[in-house]
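Residue-level listing of the chains:
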Amino acid sequence: MKIQQNISLKSYNSFHCECIASHFSVITQKTELIAALDWCKLNQLPFLVLGGGSNMLFTKNMDALVLKMEVKGIQKINETSSNVFLNVGAGEHWHHFVTYTVQKSWGGLENLSLIPGTVGAAPIQNIGAYGAEVKNSIISVTAYDTHLAKWITLTNEECAFEYRNSIFKKEKDWIITRVEFNFTDKINTSYAGLENLKTPQEIRDAVIKIRKEKLPDWHVLGTAGSFLKNPIVPIGSINYLDLPKYPYSATHEKIPLAWILDKVCGLKDFRIGNVGTYKNQALVIVNYGGATAKEVDEFEIGRAHV
């Protein structure tokens, strides 16, 4: 395990905001994680686990050990005539992993193509897009309980997955290191525009095209992507002009927040200084260049009062 000092995190977060970590270490295996946590305890420093940095807004320099999760590996653990089971390292790049599964014609994650981040971050907020959620492909999650100092494996049910939520948002002591997935010979074409597609590759190509039209390239414009949640409400509880509604469950429906921000609030392509909402998607907040974390944070607060 190697620990570096005074490392810039600007290239490690998708908002491209400057932040200096007092200590920084790349974690590639379990033993390095344990050694890093022991070092933190010995030196009385907190730690922060960092994946792809696509859901991070660093508002100040970090007096902590930042653990860059780079545990890799895609291991096939079983295969039947209709299912493939994989155990995947938390540090695997999410989109690269999805691309790998699509190339194998394994169905399940193709709707989640081009989402930034890592495999280990995916279960935390139960990432979802275009009719699919990652919970539908997860069998179990392996993590290290830093409070009890032991390894744990949680079943899909024990992960308590909900809409953009899971037990991992509550249990801050757990560090995800591996995720087990189940892939099938079925595909999800429930999203409008995907109905007539036949293969994981066709869905992947369509989803990437949609995302590129709606969302900015975070390598060019700093952003955390579309991270605001759509309201889930009882069926028929909201009736406003031509407000779109989408089925969610037997009792609830989903309201597209992007439509409200755009059509009702007029906040698409809304800008204050170096920060604004994207021209093609009101859910996306963008760093147009040189914005500080303070500017991004104040834009969030200010927008709520526009």
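Here the structure is a predicted model, which means the values were calculated and not measured. All residue numbers refer to position in the chain's written sequence, counted from 1. Where totals are concerned, whole chains, interfaces and linings use all residues; where local detail is concerned, this predicted model gives features only for residues with pLDDT of at least 70, and gives and counts side-chain atom pairs only at 80 or more. Calculation of side-chain values draws on the structure's entire complement of heavy atoms; hydrogens and water are dropped beforehand.

What follows covers unusual backbone geometry. For Gln44, which is not glycine, the phi torsion reads 55° and is therefore positive. The buried label applies to any residue whose accessible area, calculated with a 1.4 Å probe on protein chains only, is under 20% of its type's maximum; exposed applies above 50%, and partly exposed to all values in between. Judged by its relative accessible area of 73%, Gln44 is exposed.

The subject of this paragraph is the nonpolar core. With 48 residues, the main nonpolar core has Trp94, Phe97, Leu109, Leu112, Val134 and Phe181 as its most contacted residues. Of all the elements in the fold, those that place two or more residues in this core are α1 (30-43), β4 (62-69), β6 (83-89), α2 (94-103), β9 (138-145), β10 (150-155), β11 (174-184) and α3 (200-214). Sorting elements by how many residues they give to this core places β11 first, with 6 residues. Residue contacts are counted whenever heavy atoms from the two residues lie within 4.5 Å of one another. Residues in contact with Val134, not counting those within four places in the same chain, are Trp94, Leu109, Leu112, Ala122, Pro123, Asn126, Ile127 and Phe181. Throughout, nonpolar core names a set of buried Ala, Val, Leu, Ile, Met, Phe, Trp, Tyr and Cys residues whose side chains join them through atoms within 4.5 Å. Strands are runs of DSSP state E lasting at least 2 residues, helices are runs of H or I lasting at least 4, and numbering of each runs from the N terminus.

At least two DSSP bridges between two strands are required for those strands to pair. If you trace the 3 strands from one edge of the open sheet to the other, you get β13-β15-β14, paired in antiparallel fashion. Edge strands, defined here as strands with exactly one partner in the open sheet, are β13 (232-234) and β14 (246-247). As paired elements, β13 and strand β15 (residues 252-254) share 3 bridges and run antiparallel to each other. Residue pairing in the sheet places Pro234 in a bridge with His252 of β15.

Relative to the elements of secondary structure, Val71 occurs in the loop between β4 and β5 (74-79). Along the chain, Val71 and Lys198 lie 127 residues apart, while their C-alpha atoms are 33 Å from each other. Sequence-distant contacts of Val71, that is, excluding residues within four places in its chain, are made with Ile27, Thr28, Gln29, Gly89, Ala90, Gly91, Glu92, Thr177 and Arg178.

Turning to the pairing of strand β3 (residues 47-50), a few remarks are in order. Residue alternation in β3 divides its side chains into a buried set, Leu48 and Leu50, and an unburied set, Phe47 and Val49. Relative to β4, β3 is paired through 4 bridges, and the arrangement is parallel. Bridging from a neighbouring strand, Leu50 pairs with Lys68 of β4.

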